[in-house]
Amino acid sequence: SRAYVENGLYVARVATRVDEPGGALTHRSTLVRVENVRPVVEAGPDVTIKEGESFTLTGHFEDKEWVDKHEAVWDFGDNALPVKGVVSETNNPPSSKGTATASHAYCNNGDYTATLRVQDDDGGVGEDKLTVHVENVPPAVTVDPIFFAYPCVPVTLVARFVDPGWCDRHTATWKFGDGDFAFEPVPATVREVNKPPIGYGIAAATHTYRALATHLTECIVTDSDGASGAAQLTVVVVDLMNRDFEAGFHDVPLGTVANEWTAYVGPAVPAVPATVAVEAAGVSPVSYTH
């Protein structure tokens, strides 16, 4: 009996000799065609991740032709190109064994079929599949801590958002917190960038506040899978008192200021020496310090 460790075409020979006086020696041969054995592949168990999350898959393979070397490709089942796996293997009898590793991130939620294909250097291909369940992640919304507005002057409120699922598209609304819009959402204008590794954008809406007050506003951003994120912004509507000095003035140690106003003292600025030469007809140069 004989076990071949590599595929190919072999010539098996047998010689027979009669070990007696006048004996004869004969030779016979036959062709042995050894077919390649494809590697046996195990992609691994099904996994659950979140959209935009980078993760790593490691599959295993075994090949009875222990002298074979191997290459591997991971196809993650989305629109991305297949990824060449990093192969680590041992080539010792009775079989070669190894792993194939690759990393990926999905831009959208859903169920995907990831396929591991391992090919030996004789062209034999083995493959196995697993399911990747990708969960949706709602957008994260941020706003400034506080916003000041003047009455009867249109203002634009802007919220920023990021979404790890960069394939998602978004809509948004603002609740302005006053009058008919206290709790009624108003559609916002959305501008976004949808490129890996993360989607991001802004949601803006314009409103005019009429009265002096503090309003709690809210921006809600919703992705194309129905998940929402929100952030609240405090809008303080203020006005400049005694705008046209109609309420008069009053004296303070620093001078005279308008009523309802407070004198402002800026930071001290050190004196900076400077020399200016002035020449005119009949006038000598003079130096000034400022």
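Read on for an overview of the structure. (Residues numbered from 1 in each chain as written. Predicted model: local features only at pLDDT ≥ 70, side-chain atom pairs only at ≥ 80, totals over all residues. Heavy atoms only, no water.)

Side note on the overall build of the protein
Part 1: Tallying secondary structure elements over the protein gives 0 helices and 22 strands in all.
Part 2: Projected onto the principal axes, the alpha-carbon positions of the protein cover approximately 145 × 70 × 30 Å.
Part 3: Out of the 290 residues in the protein, the part that is buried amounts to 29%.
Part 4: Put simply, 59% of the contacts in the protein that link residues at least 6 apart link residues at least 24 apart.
Part 5: About 18,400 Å² of surface is accessible on the protein, with carbon and sulfur atoms providing 56% of the total. (Helix = DSSP H or I, 4+ residues; strand = E, 2+ residues; numbered from the N terminus. Buried < 20%, exposed > 50% of the residue type's maximum accessible area, 1.4 Å probe, protein only. Contact = heavy atoms within 4.5 Å. Areas by Shrake-Rupley, 256 points an atom, 1.4 Å probe, with all protein chains shown as cover.)

Focus on the state of the cysteines
Part 1: Taken as a whole, this structure holds 1 disulfide when the rule is applied.
Part 2: At a sulfur-sulfur separation of 2.0 Å, the disulfide partner of Cys107 is Cys167. Looking along the S-S bond of the Cys107-Cys167 disulfide, the torsion reads about -85°, which is the left-handed sense. Highlighted residues: Cys107 in the loop between β9 (95-104) and β10 (110-120) and Cys167 in the loop between β14 (155-163) and β15 (170-175), separated in sequence by 60 residues.
Part 3: For Cys107, a relative accessible area of 18% translates into the label buried.
Part 4: The class for Cys167 is partly exposed, based on a relative accessible area of 33%. (Disulfide = S-S within 2.5 Å.)

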